[in-house]
Amino acid sequence: MWSREILMKLKRLNITKRDRELARAYGYLPYMVARYREMLGDPLPLLDGFERTPPDAIRCNFLRVNCMRLKRRLETRGFVLHPVLWCPHAYEVLRKPYSLSSTPEHLDGWFYIQDAASTLPPLVLDPKPFERVADLAAAPGGKSTHLAQLMGNSGELYLFERRADRAKALMSNLERMEILNAKLVLGDAYDAPKHGPFDKILLDAPCTGEGVIARDPSRKRSRLPRDLALMHRVQVALLDRAIESLKKGGEVVYSTCSIAPEENELVIDAILKKRSDVEVVDSGAAGSPGVTRYLGWEFPFAGKCRRLWPHIHRSEGFFVCKLRRV
Ligand code: SAM
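Below: a short report on this structure. Note that the coordinates shown come from a computational prediction; the quantities given were computed from them, not determined experimentally.

Reading the values: rules and limits
- Residues numbered from 1 in each chain as written.
- Predicted model: local features only at pLDDT ≥ 70, side-chain atom pairs only at ≥ 80, totals over all residues.
- Heavy atoms only, no water.
- Helix = DSSP H or I, 4+ residues; strand = E, 2+ residues; numbered from the N terminus.
- Buried < 20%, exposed > 50% of the residue type's maximum accessible area, 1.4 Å probe, protein only.
- Contact = heavy atoms within 4.5 Å.
- Lys, Arg positive; Asp, Glu negative; His and termini not counted.
- Charge placed at Lys NZ, Arg CZ, Asp CG, Glu CD.
- Near = heavy atom within 4 Å.
- Polar contact = N/O pair within 3.5 Å; in protein donor to acceptor, adjacent residues only side chain to side chain.
- Areas by Shrake-Rupley, 256 points an atom, 1.4 Å probe, with all protein chains shown as cover.
- 1 Å grid on protein atoms, 1.4 Å probe; cavity = no way out; pocket = protein on both sides within 12 Å on 5 of 7 lines; lining within 4 Å.
- Sits in = over half its atoms within 2 Å of the grid points.
- Nonpolar A, V, L, I, M, F, W, Y, C, P; charged D, E, K, R; others polar.
- Axes fitted to C-alpha atoms, helices over the stretch in contact; angles between N-to-C directions.
- Parallel < 35°, antiparallel > 145°, perpendicular 65-115°, else oblique.
- Left-handed = near helix turned anticlockwise from the far one by under 90°.
- Salt bridge = Lys/Arg side-chain N within 4 Å of Asp/Glu carboxyl O.
- Pairing = 2+ DSSP bridges.
- Right-handed = clockwise from strand over helix to strand, strands pointing away.
- Disulfide = S-S within 2.5 Å.
- Core = buried A, V, L, I, M, F, W, Y, C linked by side-chain atoms within 4.5 Å.
- Points joined across faces, edges and corners; volume = space filled by probe spheres on them.

Bringing the overall build of the protein chain into the picture now. The helix and strand inventory of the protein chain stands at 14 helices and 15 strands. Principal-axis analysis of the C-alpha atoms places the extent of the protein chain at approximately 55 × 45 × 35 Å. Every one of the 326 residues in the protein chain was classed for burial, and the buried ones make up 58%. Intrachain contacts of the protein chain at a sequence separation of at least 6 include 72% that bridge at least 24 residues. Distance between charge centres in the protein chain, computed from 52 positive and 40 negative side chains, equals 1 Å.

Next up, the structure:
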């Protein structure tokens, strides 16, 4: 595994005078800005991107309502909606006269409030009615409810969540959105193989949240290199269990709301080195390709993965990659 090497490379990171100046001006720990320079060349567009909060988005629950009807209803209430480029049933909310969550349409399960980026992983997984599907990190259910929707509320959808408090929120979202095909497993996703094998799996992994700095500026200073190395280790272990739970030919989508290569390309790289029964699949989805070089590592597969960047896609920073068990 890469986690010791990650820590070593981050400790030896070359931090330039400009990195330090930008870090001071934008309020970051300097090692973060040095990494952005390593990833992007010039870190400035990303730093500026993180200064603009992306608009909220809503995903229409077409199990409950015709999406045009929902759009018209919210527009008569004064909301201004704009289609999300990569998701035909989601809208960015450009004007919000009052809280979306207090509308009767929300209470009635007609839509889910989420960042536009979060609609991408279920679309890339593309689950079909009557398949056996699992979401290994499910709460509060933004992606689980989307998966159920794409499955037409049929087939079997196993939802793993180990925290009881978060599982409560998940259950209330399942109920509100009238999801009928889900089975909640309150427990550890490491046990997923016991419930398998599955046709498709979503692993929207726990992460350090380095993509949501615009919504949570405290993340500019709250995490150290050792947090990235530790999280990398957890993510590799979870992705390994996900693959173990798949049928031969089955697919897993790995996603995070982080822009850190340590939590993304390096996780995929570690899995490809560890297992000989898995390959990266090009989903052809929206977004930019993954990072192909970083701190001396090379990721030849990364062109098949997708990234959403705050400064390019006006969303949270996000990573999505699809793998197939062969
Ligand atoms: N997919 C969710 C959504 O779209 O609403 C967000 C998932 S959040 C990034 C990660 C979730 O995984 C958290 O609720 C966390 O409690 C849960 N989790 C972390 N490690 C887990 C494990 N080993 N087994 C099951 N759930 C886990």
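On we go.
Let's shift gears to helix α3 (residues 30-40). Every buried residue belonging to α3 is among Tyr31, Met32, Val33, Ala34, Arg35, Tyr36 and Met39, and all of these are buried. Elements that come into contact with the buried residues of α3 comprise α1 (3-11), α2 (17-26), α4 (44-49), α11 (219-222), α12 (225-244) and β12 (293-294). Of the residues one or two after α3, Gly41 is the one with positive phi, at around 85 degrees.

Our next topic: the site of the ligand. As a matter of local geometry, the ligand sits amid 20 residues, with Lys143, Glu161, Arg166, Ala189 and Asp204 nearest to it. Note that an oxygen atom of the ligand is positioned 3.4 Å from one of the backbone N or O atoms of Pro140. With respect to the ligand, the side chain of Glu161 contributes an N or O atom lying 2.7 Å from an oxygen atom. Here the ligand has 610 Å² of accessible area as a free molecule, and 88% of this is covered by the chains. With respect to the pocket detection grid, the ligand is positioned in the largest pocket. Across the shell around the ligand, the residue classes tally to ten nonpolar, three polar and seven charged.

The next point concerns the packing of α2 against α3. Packing of α2 against α3 brings their axes to within 8 Å, and their N-to-C directions diverge by 120 degrees. Judged by the inter-axis angle, α2 sits oblique to α3. As α2 packs across α3, the resulting crossing turns out to be right-handed. Of α3, the residues touching α2 (which contributes Asp19, Arg20, Leu22 and Ala23) are Pro30, Val33, Ala34 and Arg37. Taken together, the residues of the contact of α2 with α3 break down into five nonpolar, no polar and three charged.

Tallying each qualifying case throughout the model produces 38 salt bridges. A salt bridge links Asp126 to Lys128; its shortest N-O distance comes to 3.0 Å. What makes Asp126 partly exposed here is its relative accessible area of 35%. Classification of Lys128 by relative accessible area gives partly exposed; the value is 38%.

Another point: the pairing of strand β5 (residues 132-135). Across the two faces of β5 the burial is the same, with Arg132 and Ala134 and Val133 and Asp135 all buried. Here four bridges tie β5 to strand β6 (residues 156-161), and the two strands are oriented parallel to one another. Paired with Arg132 across the strands is Glu156, a residue of β6. The parallel pair β5 and β6 is bridged by helix α8 (residues 142-150), and the resulting crossover is right-handed. Judged from the three bridges that link them, β5 and strand β8 (residues 198-204) form a sheet pairing that is parallel. Note that in β8 the partner of Ala134 across the bridge is Ile201.

Moving on to the state of the cysteines. A full pass over the atoms with the stated rule returns two disulfides. Cys60 shares a disulfide with Cys67; S-S distance 2.2 Å. Looking down the S-S bond of the Cys60 and Cys67 bridge, the torsion is -90 degrees, so its handedness is left-handed. Overall, the relative accessible area of 14% leaves Cys67 in the buried class. Two residues share a disulfide in this structure: Cys305 and Cys321, whose sulfurs sit 2.2 Å from each other.

For the rest of this paragraph, the subject is the nonpolar core. Core analysis: the largest hydrophobic core is formed by 62 residues, its most contacted members being Tyr28, Tyr36, Leu136, Leu239, Ile268 and Tyr294. Beyond its immediate sequence surroundings of up to four residues, Ile268 is in contact with Leu239, Tyr254, Val280, Phe301, Phe319, Cys321 and Leu323.

To continue, consider the environment of Val326. For Val326, the position within the fold is in the segment after β15 (318-325). Expressed as a C-alpha distance, the spacing of Val326 and Ala167, which sit 159 residues apart in the sequence, is 33 Å. Beyond its immediate chain neighbours, meaning those up to four positions away, Val326 contacts Lys248, Ser276, Asp277, Val278 and Glu279.

Of the volumes computed, that of the largest pocket is approximately 930 Å³. Forming the walls of the largest pocket are 35 residues, and the residues nearest its centre are Ala137, Ala139, Arg166, Asp204 and Pro206. Contributions of two or more residues to the lining of the largest pocket are made by β4 (111-114), α8, β6 and α12. No other element matches β4, which puts three residues into the lining of the largest pocket.

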